[in-house]
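# Structural overview for review
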Amino acid sequence: MRSSPDIVIHTERLTKRYGKLLALDNLNLDVQRGEIFGYLGPNGAGKTTTIRLLLDFIRPTGGKSTVLGLDAQAQSVALHRNIGNLPGELSLWNQMTGWEVVRYLGGLRNGVDERYVSELAVRLEMDMTRKVKACSSGMKRKLGLIQALMHKPELLILDEPTNGLDPLVQQTFHKLMREVAAEGRTVFMSSHNLPEVEATCDRVGILREGRLRAVERISDLKQVRFRWMTLRVSGQADPTRFETLPGVSDVTHHNGTIRLRVTGELDPVIKAAAQHHVVDMAYEEPTLEEIFLEYYGEDKQS
Ligand SMILES: Nc1ncnc2c1ncn2[C@@H]1O[C@H](COP(=O)(O)OP(=O)(O)OP(=O)(O)O)[C@@H](O)[C@H]1O
Ligand SMILES: [Mg+2]
């Protein structure tokens, strides 16, 4: 198997079946050192399955994976020392405080850098003196992040890390990940939220029904970005004004509400809208599915 030092995660035809269900189908993936890789897909796509395979929590039905140059199965114990992992469903010890949790986990490794933990706790606004049972789900998530980060691992494997975090803490999380990557460490994070992946990651892999459909740089995906605009107008609505505009398609009109798809500059749309009495305007992000269709076309869906 390939063991280039610049490739931190390498999978070859990695496959997991649960009975008849193909949860992960022949995954071939390379994640580079120092990148933040977003693993995006809808519920049930196989994200957590992939993560559990990489961490050797479950065994593959076929294929293999190398993580940090080590065989993910045969050398998983050595591997775990250099990985920080945030599971999707974190179970911690209810009677312990945050500090007790990190000291306990630190004891299983080579101790814990309490100054660094304190710094993380301040940045994530986490009260480490609180018992786990008295923590909200967001606080438990923060504690999960702290324990994943605290030994400065070479690789972070995070399953939906920002789930349940409020927007300010999400921003702190993004900054932390940037810092990790700037130090040449690597982040592999799952998400089903495209704006989050867009804001945080360098590359994204799109997984759907167990199959990796695309791996793209975020900057490339953005070039095909479009948005939906909805205009509610009073008085006479003239949807035909929009149909011929550059970058506009899929114009529909119903009861004074005009909906259209816009790619590129907004200026022509705004000018055409100004010919109407606009009561309200909404500008929506496309869904992951829509971007996916835009990028790869319906023919590649099956
Ligand atoms: N232990 C299991 N036994 C049977 N089926 C399973 C098991 N674990 C997962 N699956 C199935 O495998 C598929 C992939 O599940 P997985 O948890 O990897 O999805 P996911 O992408 O993480 O989804 P989510 O966004 O909901 O977390 C799903 O159809 C799921 O029902
Ligand atoms: Mg999952």
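Scope of this entry: the structure provided in the associated data block. Not measured: the values here are computed from a predicted model.

The rules behind these values
- Residues numbered from 1 in each chain as written.
- Chains lettered and ligands numbered in written order.
- Predicted model: local features only at pLDDT ≥ 70, side-chain atom pairs only at ≥ 80, totals over all residues.
- Heavy atoms only, no water.
- Helix = DSSP H or I, 4+ residues; strand = E, 2+ residues; numbered from the N terminus.
- Buried < 20%, exposed > 50% of the residue type's maximum accessible area, 1.4 Å probe, protein only.
- Polar contact = N/O pair within 3.5 Å; in protein donor to acceptor, adjacent residues only side chain to side chain.
- Contact = heavy atoms within 4.5 Å.
- Axes fitted to C-alpha atoms, helices over the stretch in contact; angles between N-to-C directions.
- Parallel < 35°, antiparallel > 145°, perpendicular 65-115°, else oblique.
- Left-handed = near helix turned anticlockwise from the far one by under 90°.
- Nonpolar A, V, L, I, M, F, W, Y, C, P; charged D, E, K, R; others polar.
- Near = heavy atom within 4 Å.
- Areas by Shrake-Rupley, 256 points an atom, 1.4 Å probe, with all protein chains shown as cover.
- Patch = residues over 30% accessible without salt bridge, like charges linked within 9 Å, V, L, I, M, F, W, Y side chains within 5 Å.
- Salt bridge = Lys/Arg side-chain N within 4 Å of Asp/Glu carboxyl O.
- Phe/Tyr/Trp six-rings, centres within 6.5 Å; stacked < 30°, edge-to-face > 60°.
- Lys NZ or Arg CZ within 6 Å of the ring centre and 35° of its normal.
- Core = buried A, V, L, I, M, F, W, Y, C linked by side-chain atoms within 4.5 Å.
- Pairing = 2+ DSSP bridges.

### Quick look at the side chain of histidine 174
- Residue position: histidine 174 is located in helix 6 (residues 167-182).
- Accessibility expressed as a relative area gives 16% for histidine 174, which makes it buried.
- For histidine 174, the side chain forms a polar contact with the side chain of threonine 200, separated by 2.9 Å.
- Look past the residues within four positions of histidine 174 in its chain and what remains in contact with it is Glu196, Ala199 and Thr200.

### A short note on the packing of helix 3 (residues 98-108) against helix 5 (residues 137-149)
- Running from N to C, helix 3 and helix 5 point in directions that differ by 30°, and their axes come no closer than 10 Å. Accordingly, the angle class assigned to the pair helix 3 and helix 5 is roughly parallel. You can see that helix 3 and helix 5 cross each other, and the crossing is right-handed. Along its contact with helix 3, which presents Gly98, Val101, Val102 and Leu105, the element helix 5 presents Leu143, Ile146 and Gln147.
- Looking at the contact of helix 3 with helix 5 residue by residue, the classes come out as five nonpolar, two polar and no charged.

### A word on the site of ligand 1
- Near ligand 1 there are 13 residues, and of these Gly44, Gly46, Lys47, Thr48 and Thr49 occur at the shortest range.
- For ligand 1, an oxygen atom lies 2.7 Å from a polar atom in the backbone of glycine 44.
- Expressed as a share of its isolated accessible area of 640 Å², the protein-covered part of ligand 1 is 61%.
- Listed by contribution, the elements that provide at least two residues to the shell around ligand 1 are strand 2 (21-32) and helix 1 (47-54).
- Of all the elements, helix 1 adds the most residues to the shell around ligand 1, at three residues.
- Its residues assigned to classes, the shell around ligand 1 shows five nonpolar, six polar and two charged.

### Quick notes on a nonpolar patch on the surface
- A cluster of nonpolar side chains, Trp93, Tyr104 and Leu108, forms an exposed patch at the surface whose accessible area comes to about 330 Å².
- Considering the arrangement of structural elements, one finds leucine 108 in helix 3.

### So, the packing of aromatic side chains
- Summed over the entire model, instances satisfying the criterion amount to four aromatic pairs.
- For the pair tyrosine 39 and phenylalanine 188, a centre-to-centre distance of 4.9 Å together with 45° between the ring planes defines the contact as tilted. Remark: phenylalanine 188 occurs in strand 8 (residues 186-191) and tyrosine 39 occurs in strand 3 (residues 36-40); sequence separation between them is 149 residues. When sorted by exposure, tyrosine 39 lands in the same class as phenylalanine 188, which is buried.
- Consider the rings of phenylalanine 226 and tryptophan 228, whose centres lie 6.3 Å apart with planes at 85°: the pair is edge-to-face. Here phenylalanine 226 matches tryptophan 228 in class, with each residue buried.
- Grouping aromatic residues by their ring pairs yields a cluster made of Phe37, Tyr39 and Phe188.
- Directly above the ring of tyrosine 116 sits lysine 152, whose terminal nitrogen or CZ lies 4.4 Å from the centroid.

### A word on the nonpolar core
- Core analysis: the largest hydrophobic core is formed by 43 residues, its most contacted members being Met128, Ile146, Leu158 and Met177.
- Per-element accounting of this core gives the leading share, six residues, to helix 6.
- Setting aside its immediate chain neighbours within four residues, isoleucine 146 contacts Val102, Val117, Leu120, Ala121, Leu124, Met126 and Met128.

### Remarks on the sheet that holds strand 8
- Pairing is mixed across the open sheet formed by six strands, whose spatial order is 6-7-8-3-9-10. The sheet terminates laterally at strand 6 (83-86) and strand 10 (211-217), the two strands that pair on one side only. Across the sheet, the axes of successive neighbouring strands diverge by a mean angle of 15°, strand direction being ignored.
- Where strand 7 (residues 155-159) and strand 8 come together, five bridges link them in parallel fashion. Counted as the bridge partner of leucine 158 is methionine 189 from strand 8.
- Contacting strand 6 and strand 7, helix 5 runs over the sheet at an angle of about 170° to strand 6.

### Some words on the environment of glutamate 284
- Mapped onto the fold, glutamate 284 is located in strand 14 (residues 277-284).
- Here glutamate 284 falls in the partly exposed class, since its relative accessible area comes to 34%.
- Among residues more than four places away in sequence, those in contact with glutamate 284 are Arg227, Trp228, Thr230 and Arg259.

### Focus on the side chain of threonine 200
- Mapped onto the elements of the fold, threonine 200 is located in helix 7 (residues 194-200).
- Residue threonine 200 is classed as buried on the basis of its relative accessible area of 1%.
- When sequence neighbours within four positions are dropped, the list of residues in contact with threonine 200 reads Ile36, Phe173, His174, Met177, Arg178 and Met189.

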